[in-house]
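One-letter residues, chain by chain:
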Amino acid sequence: MARPGFFLPKILKSNAHQGEQPILSCADPKTLESLHWLACYLTTGKHMAFYGSFGTVLLLLAVTAPAALAFGFGGAMAARSGFAPLRWCGKGYTAIVRGVPDIAFFLFFVIALDQGFEWLRHKVKCPDWDMPVRQGSDFVVCDAAKMPLSSSPQWVHESYGFAIAVLTFAIVFGAFAANVLYGAMGTVPRAQIETAEAYGLSHRQTFWRILVPQMWVFALPGLGNLWMILIKATPLLFLLGVEDIVYWARELGSSKTAVFDFPHPDWRLYYFLTLLVFYLALTRVSEVVLSRVNMRLSHGQATVAGDAQRRAA
Amino acid sequence: MSCTQTIEDYALRSIGIGERLLPRSDFTLCEQVVLIGSGLIWNVYFGLLALGFGFILAVSVAMAKAAPAAWVRKPAEWFIFVFRGSPLFIQFFLFYETFVLLPKIGIDLNLGFAEITIETRWLTRAWAGALIVLFLNTSAYAGEIFHGALRSIPRGDMEAGDAYGFTGWHKFRKITFPTMLRLAWPAYTNEAIFLFHATTLVYFSGFPAWQQKGDALYYASYFADKTFNPFVPYPILAGYFILLTLAVILIFGLVNARLNRHLPQDRRQKLRVRPQVIR
């Protein structure tokens, strides 16, 4: 299980002390002048890890969005199912996440998923283990069932923590997406479905060929909204124990005494301002792109926006 | 220890009344239910005050954003953009660091005739600092909602107002404001629900829980950490929040009924009781 500060990357030790380039020598930071000092300061190994963590956030977004959409699609299909127990599961899935703060789900799933995986492995790998898994305040599984194995390398631990985080995000946002998609499926004009039935398409064919292609334009405003919420939920990675931008901003910004190579007072405010600008840029760009996509998708659709485009053309 | 004793000890623990030490071992279900419920006091406190103060600022921001003069409109647009475009989590950190950087002793303010010292230490405490952040945040979200409603007021209503000779403040008070509120109310209900959910972020985002006085999620995660069993405290928390959400829907539904009381029965807008995520 990943805990904050558990896996300090190895890069920390690298190029902080080795300035090979003669022009920008960072060998002894205490002698440098202000601008040169700043250049050296901003290129230390820790700062490189900080810049890399922006990539972590973008990677999370890139992986989570399709995963959540898949979960949401499954949830919406389940909620429309003719088979009652499946329908209740789908409806329950979408209902619970709406009533409870998402951060509670994040904190819950991170432990619950981790324990769930370990428990399953425990059952498979150590069938002759006779002690209970829960002993008072402890959760004990056999060594072979630990996730990840205590002997596995650093990157496995990091990837496992990240994968758990992605799965958690996908489950929570999948429920939101299921809600949006379920609504969108209900908004597709009834006449379209009836026409398909009149042409003799089966239930399955109607769903995949008529309903699904047409529902996206109705789902897009909701999904766009969800994308914005997803962007704004990414700093919660910090709470899940992943070394994301919030972790590094706190780490690098806190005041450094003269023991450090680059001593400075409490600069966390400036680091968080950088994060603020990063997020504002990300949401702004998303907003512009989404409105473009919306225009494109409305093309030829039986909606107000589609009609407006037809009249303008 | 009986459950009544636990209630006496911990029911008001989150505001510093009762037993000082939190339970450390052999956690009973009663302890978890009582302590997490005690934390809920803070969630309700943050939610209610932020909504209450935020409502006033939100209406002002919405009016400012709809104003024709650029020097009024631009600041409102930027306010909404910054607070809606960035994560609440980052806002909490940012404000906390700002409050920490303020001089510890206070700021000396020279008013010309007298010199006063403004105490700033309390800003770093969650009850004030986090409340300010939540207040600004909900003002921005609600401001955008109200602005949208302001733009969708039927033109006929305004023309009728003009025809009756309503102008200025009178017209705003009697026509613009009630109609805007009526149109915005379903979305505003959503905002209120998710604001209450957002209050759980307070103690996980820089603001320390002083003397272990935290909110519901703080205690839930305390129990989950100690027992390493998330399957008891988090469902308790979920139960409390579902009740809180239902209470919000009920109260806002009553207000909604009052806002729509002049309309004929069949045209009255029913409040959607299925909250959509808007944050």
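Cut-offs applied
Residues numbered from 1 in each chain as written. Chains lettered and ligands numbered in written order. Predicted model: local features only at pLDDT ≥ 70, side-chain atom pairs only at ≥ 80, totals over all residues. Helix = DSSP H or I, 4+ residues; strand = E, 2+ residues; numbered from the N terminus. Buried ≥ 20, exposed ≤ 12 C-beta atoms within 10 Å, placed from the backbone. Contact = placed C-beta atoms within 7 Å. Nonpolar A, V, L, I, M, F, W, Y, C, P; charged D, E, K, R; others polar. Arc of directions from axis to C-beta. Core = buried A, V, L, I, M, F, W, Y, C linked by C-beta atoms within 7 Å. Axes fitted to C-alpha atoms, helices over the stretch in contact; angles between N-to-C directions. Left-handed = near helix turned anticlockwise from the far one by under 90°. Parallel < 35°, antiparallel > 145°, perpendicular 65-115°, else oblique. Expected span 1.5 Å × (residues − 1). Bend = angle between axes of the 7 residues up to and from the residue. pLDDT = per-residue confidence, 0-100.

**Things to note about the overall build of chain B**
When helices and strands are tallied, chain B shows 9 helices and 2 strands. Of the regular secondary structure in chain B, the N- to C-terminal order runs α-α-α-α-β-β-α-α-α-α-α. Considering only C-alpha atoms, chain B reaches an extent of 70 × 60 × 30 Å along its principal axes. Within chain B, the proportion of its 279 residues that are buried is 41%. Across chain B, every contact between residues at least 6 apart in sequence was considered, and the portion connecting residues at least 24 apart equals 72%.

**Description of the overall build of chain A**
Scanning chain A from terminus to terminus reveals 10 helices and 2 strands. Element order for chain A, N to C, with α for helix and β for strand: α-α-α-α-β-β-α-α-α-α-α-α. Here chain A holds 313 residues, and the buried ones make up 31% of them. Considering only contacts in chain A between residues 6 or more positions apart, those separated by 24 or more positions represent 66%.

**Topic: the interface of chain B and chain A**
Contacts between the two partners involve 34 residues from chain B, matched on the other side by 35 residues from chain A. Among the elements of the structure, helix 3 (70-85), helix 4 (88-101), helix 8 (216-227) and helix 9 (233-259) of chain B are those that each provide at least two residues to the side of chain B that touches chain A. Examining the composition of the side of chain B that touches chain A, we find that 7 residues originate from one element, helix 4 of chain B, more than from any other. Within the side of chain B that touches chain A, the residues separate by chemical class into 22 nonpolar, 9 polar and 3 charged.

**A word on helix 1 (residues 3-10) of chain B**
Residues and elements named next belong to chain B. Looking only at helix 1, the buried set comprises T6, D9 and Y10. Projected onto a plane normal to the axis of helix 1, the buried residues spread over an arc of 75° and lie on a single side. If you follow the buried residues of helix 1, they end up packed against helix 2 (29-65).

**Quick word on the nonpolar core**
Ranked by internal contacts, the top residues of the largest apolar core, which has 135 residues, are F106(A), A177(A), F92(B) and A220(B). For this core, the element with the highest residue contribution is helix 5 (residues 154-187) of chain A, accounting for 16 residues.

**Some words on the environment of F93(B)**
Of note, F93(B) is situated in helix 4. In this structure, the C-alpha to C-alpha distance between F93(B) and I251(B), residues 158 residues apart in sequence, is 32 Å. Residues in contact with F93(B), not counting those within four places in the same chain, are V246(A), F272(A), S205(B) and G206(B).

**What about the packing of helix 5 of chain A against helix 7 (residues 203-233) of chain A?**
The axes of two packed helices give the description: the angle between them and the distance between them. Residue and element names in this part refer to chain A. It is at 8 Å that the axes of helix 5 and helix 7 come closest, and there the two elements cross at 145°. For the pair helix 5 and helix 7, the sense of crossing is right-handed. Touching F173, F176, A177, V180, L181, G183, A184, M185 and T187 of helix 5 are L211, M215, F218, A219, G222, L223, L226 and L230, all from helix 7. The class makeup of the residues in the contact of helix 5 with helix 7 is 14 nonpolar, 3 polar and no charged.

**Remarks on the packing of helix 3 (residues 84-99) of chain A against helix 5 of chain A**
Residues and elements named next belong to chain A. Put simply, helix 3 and helix 5 touch, their axes get as near as 8 Å, and they point 115° apart. Between helix 3 and helix 5, the crossing angle belongs to the class labelled roughly perpendicular. As for the relative orientation of helix 3 and helix 5, their crossing is left-handed in sense. Contact residues: G90, Y93, T94, V97 and R98 in helix 3; V172, A175, F176, A178, N179 and Y182 in helix 5.

**A closer look at helix 2 of chain B**
The end-to-end C-alpha separation of helix 2 of chain B is 50 Å, in line with the 54 Å expected for 37 residues at 1.5 Å each. Bending of helix 2 of chain B peaks at approximately 35° at the position of G54(B).

**Points about the confidence of the model for chain B**
Residues shown with low pLDDT carry predicted positions that ought not to be read at fine detail. All names here are of chain B. Looking at chain B as a whole, the pLDDT averages 86, with 90% of positions reaching at least 70. Element-level mean pLDDT values for chain B span from 67 in strand 1 (residues 107-110) up to 94 in helix 3. Interface scoring of the predicted complex returns ipTM 0.85; its pTM is 0.84.

**Some details on unusual backbone geometry**
Residue and element names in this part refer to chain B. The residue Q212 is not glycine, and still its phi comes out positive at about 55°. The residue Q212 is located in the loop between helix 7 (168-198) and helix 8 in this model. Since 15 C-beta atoms lie within 10 Å of it, Q212 is described here as partly exposed. Of note in the backbone geometry, F228 takes a positive phi value of approximately 55° without being a glycine. Tracing the backbone through its elements, the reader meets F228 in the loop between helix 8 and helix 9. Residue F228 is classed as partly exposed on the basis of its C-beta count, with 16 C-beta atoms lying within 10 Å.

**Thoughts on the environment of C89(A)**
Checked against the element boundaries, C89(A) lands in helix 3. Residues C89(A) and R250(A), spaced 161 residues apart in sequence, show a C-alpha to C-alpha distance of 41 Å.

**Some thoughts on the environment of V255(B)**
For V255(B), the location among the structural elements is in helix 9. Spatially, the C-alpha atoms of V255(B) and L94(B) are 35 Å apart, while their sequence positions differ by 161 residues.

**Structural notes on the confidence of the model for chain A**
Chain-level pLDDT for chain A is 81 on average; 89% of the residues reach the 70-or-more range. Across residues 1-22 of chain A, confidence stays below pLDDT 50; counting only partners more than four residues off in sequence or on other chains, it has 27 contacts.

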